[in-house]
Amino acid sequence: MIKNIKYMLSNWIAWDKKSLVFFFIRVPALVLQPIVTAYIPKAMIDCINDGVTTERLILVIALLSLLLTLTIWMDPFMSELIRGGARIVRMRYAVIAFRKNLKTDYVNIESLEKREIQKRAEDFYGGRWSGGASFIDTCSQFCVCIVGVITSSLLIYKVDFFMILLILATCIAQFALLKIINKKIRENLDSRSKFRTKFDYFYKMSKNTDACKDIRLYSLSDYFIKALSGSLYQLEKIIAKYTHQSAAFDVVTAALNLIREAVAYVYLVYLVTQGRLSVSEFIFYFGIITGFSNWVVNLVFSYSQIERCCNECAAYRNYIDGEDTADKGCEFKEKDIKSIKFTDVAFKYPSAEEETLKNINLEFHGGENIAIVGENGAGKTTLIKLLCGLYSPTGGEITVNGTNTAEISKESYFDLFSAIFQDYYFLPMTVAENLAAEMNYDKEKLYSALEKADIADKINTLENKENSMMDKEVYKNAVDFSGGEKQKLLLAKAIYKNAPVLILDEPTAALDPIAENELYLKYNELTKDKLSFFISHRLSSTRFCDRILFVSNGQIAEEGTHEELMARKGAYYKMYQLQSYYYKEQEVAENA
């Protein structure tokens, strides 16, 4: 808890020093407010009893009222200024989390467990009253309460020490209850993250333009509503549980307050009847005791809020400080790839019981064209993600030109690869910025890539050419490319980057047969002097590769050229025969 308080305080001071001034103005204003409120009737009665002039009475009341007005005005004014600083601090925390999301290891983005941790971290900066934002205001309230308790204690001590003990005893009971409630809140927040992640997923998918087509055409609306309702029901159960606990706490607190106020009132009346207190002192001290009681209650509550902020901060730091391999390693300065070697490489997904890949031993050389084929779920995509550094091996090692990839920084390693994946996403930027992945691009180089990808003619027909915006969800005048055109744009993007390793994951999936054949004819030109990897389900499309890897059950089952694998008549041969039979049947049906 102390470490998290230091963390939040240091950030607060670093990011918004002006709030400190508002903080120190607000504390005395809030402490004086209840004291002045209690003192005004005492001063009036004392003036009347002393027989002062009307002018003197009006002057005393006016000055005290002015002081009270000033303290009352100062609180919301300073409070709003402090909350303005809190918004700055909250956004700073959000930016740090945003950067973490962009830099964290890719496996953390895919892992459900890691996404739940990320969702739990959002509680710290995700709203106006989140821990990161409310910590400043809570600290202010806490300091106000401490000063108020000390000041009131000094005044009450003159009456009777018994009153202080009574109030403290009831407030200790409240504090113990608050500790129990805070523990329950922390447990509820931890369990809530799981269902919030699911709720957010279904809610996001319901607005996804790609998913909407399937949802409507296949009448999946009821399923989505049911899934969303199920997650919402679980969330409501958690919230209801917390609400019942809070309600029970409020009932007990109200009872303790009633007992405390009643005993204080009866005791003060007794002191008046015994002649130990005047009527004006009775009014003043009753106000002070009530104020002291509120200070202690608010002190306990403020402490519980600080504890809540610390719990949220701990979850936030657990995510932010999570170890990533992306920031580790040195820069890889070699531009030519002589070899990439897999030695006893294995990979297991977080929380998975079995390894997806096991005992992979491979070596690739610069200039080779490699095809990776196999059934769905065999491990092809995982192998590629390991190759290009999105995943790190959980066993064995991968070396590039003899250097272990674990010793190379991710940013430097990613520079070695141009990739076209099945799942792609264009950002709401211009065509040129999407392809060049930078604001300042080489126009000549860009159009050379567009020409090679056979998409330059399409770009030249656009009103703004390469400066046309993409993504209709953001820009209403954005260009809406077809699936095949997007595939060609991705190819142009890979060509523009001109990295020494080219990865094509089902690059012809959205192309028509003519465009697919044109790509095959250009393949040697595109992969000249590069180490290339071609992933495909169509075995007939891999014949032009130097070597074919047939992946099965997380291992390399067969390896060789198309002719060599066909001669063996193993798994590759059987799959090829099945596909050939299908294509022949399809051809006959089309000609009939």
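Here, the structure is the one placed above.
Just so we're clear, the structure is a prediction, and the values are computed from it rather than from any experiment.

Caption draft 1: Quick look at the side chain of Asp-505. In this fold, Asp-505 is placed in strand S7 (residues 501-505). Here Asp-505 is buried and forms no salt bridge, its nearest opposite-charge partner Lys-380 lying at an N-O distance of 7.5 Å.

Caption draft 2: Representation of empty space enclosed by the protein. Scanning the model with the defined rule gives three cavities of 30 Å³ or more in all. Every residue lining the second largest cavity is listed: Ile-82, Arg-83, Ala-86, Arg-87, Arg-128, Trp-129, Ala-133, Ser-134 and Asp-137. Sorting the residues of the lining of the second largest cavity by element identifies helix H3 (54-103) and helix H6 (131-156) as the ones contributing at least two each. Looking at the lining of the second largest cavity residue by residue, the classes come out as four nonpolar, one polar and four charged.

Caption draft 3: Up close: unusual backbone geometry. Its identity is not glycine, yet Ala-437 carries a phi of approximately 60°, on the positive side. Turning to its location among the elements, Ala-437 is positioned in the loop between helix H13 (431-436) and helix H14 (443-452).

Caption draft 4: Highlighting a nonpolar patch on the surface. A cluster of nonpolar side chains, contributed by Leu-32, Leu-67, Leu-70, Trp-73, Phe-77 and Leu-81, occupies part of the molecular surface with about 520 Å² of accessible area. At five residues, H3 tops the list of elements feeding residues into the nonpolar patch. Considering the arrangement of structural elements, one finds Leu-32 in helix H2 (residues 18-50).

Caption draft 5: Representation of the side chain of Asp-137 in the model. Note on placement: Asp-137 falls in helix H6. Judged by relative accessible area, which is 13%, Asp-137 ranks as buried. In contact with Asp-137, not counting residues within four places along its chain, are Arg-26, Ser-79, Ile-82 and Arg-83.

Caption draft 6: Seen up close, the nonpolar core. Formed by 51 residues in total, the largest nonpolar core has its most connected members in Met-8, Tyr-93, Leu-268 and Tyr-316. Every element with two or more residues in this core is listed here: helix H1 (2-15), H2, H3, H6, helix H9 (221-273) and helix H10 (279-320). With residues near it in sequence (within four places) discarded, Tyr-93 still touches Tyr-7, Met-8, Asn-11, Trp-15, Phe-124, Tyr-125, Gly-132 and Tyr-316. Ranked by size, the runner-up nonpolar core spans 41 residues in total, among them Ala-436, Ala-449, Tyr-523 and Cys-545.

Caption draft 7: Examining the environment of Thr-430 more closely. Residue placement: Thr-430 occurs in the loop between strand S6 (417-420) and H13. Relative accessible area serves as the criterion here: at 9%, Thr-430 is assigned to the buried category. The spatial distance from the C-alpha of Thr-430 to the C-alpha of Asn-464 is 9.4 Å, given a sequence separation of 34 residues. Discounting residues that sit within four places of it in the chain, Thr-430 has contacts with Glu-466, Asn-467, Ser-468, Met-469 and Met-470. Within the structure, the side chain of Thr-430 is placed 3.1 Å from the backbone nitrogen of Glu-433, a separation counted as a polar contact.

Caption draft 8: Summary view of the sheet that holds strand S5 (residues 403-404). On the basis of which strands lie adjacent, the open sheet formed by four strands has the order S2-S1-S4-S5 and antiparallel pairing. Pairing within the sheet leaves two strands with one partner each, and these edge strands are strand S2 (357-365) and S5. In this structure, strand S1 (residues 339-347) lies alongside S2, joined through six bridges in antiparallel fashion. Looking at the pairing, Lys-341 lines up with Glu-363 of S2. Running at roughly 125° to S1, helix H11 (residues 380-387) makes contact with S1, S2 and strand S4 (395-400) of the sheet.

Caption draft 9: The arrangement of H14 in detail. Among all positions in H14, only Leu-446, Tyr-447, Ala-449 and Leu-450 are buried. Down the axis of H14, the buried side of the element spans an arc of 155°, and every buried residue falls inside it. Here the buried face of H14 lies against H13, helix H15 (456-461) and helix H16 (483-497). Between the side-chain oxygen at the start of H14 and the backbone nitrogen of Glu-444 there is a gap of 3.1 Å, and the oxygen is on Asp-442. Phi turns positive one or two residues past the end of H14, at Asp-454, with a value near 60°.

Basis of the calculations
- Residues numbered from 1 in each chain as written.
- Predicted model: local features only at pLDDT ≥ 70, side-chain atom pairs only at ≥ 80, totals over all residues.
- Heavy atoms only, no water.
- Helix = DSSP H or I, 4+ residues; strand = E, 2+ residues; numbered from the N terminus.
- Buried < 20%, exposed > 50% of the residue type's maximum accessible area, 1.4 Å probe, protein only.
- Lys, Arg positive; Asp, Glu negative; His and termini not counted.
- Salt bridge = Lys/Arg side-chain N within 4 Å of Asp/Glu carboxyl O.
- 1 Å grid on protein atoms, 1.4 Å probe; cavity = no way out; pocket = protein on both sides within 12 Å on 5 of 7 lines; lining within 4 Å.
- Points joined across faces, edges and corners; volume = space filled by probe spheres on them.
- Nonpolar A, V, L, I, M, F, W, Y, C, P; charged D, E, K, R; others polar.
- Patch = residues over 30% accessible without salt bridge, like charges linked within 9 Å, V, L, I, M, F, W, Y side chains within 5 Å.
- Areas by Shrake-Rupley, 256 points an atom, 1.4 Å probe, with all protein chains shown as cover.
- Contact = heavy atoms within 4.5 Å.
- Core = buried A, V, L, I, M, F, W, Y, C linked by side-chain atoms within 4.5 Å.
- Polar contact = N/O pair within 3.5 Å; in protein donor to acceptor, adjacent residues only side chain to side chain.
- Pairing = 2+ DSSP bridges.
- Axes fitted to C-alpha atoms, helices over the stretch in contact; angles between N-to-C directions.
- Arc of directions from axis to C-beta.

Interpretation note: all reported values are geometric properties and have no functional meaning in isolation.
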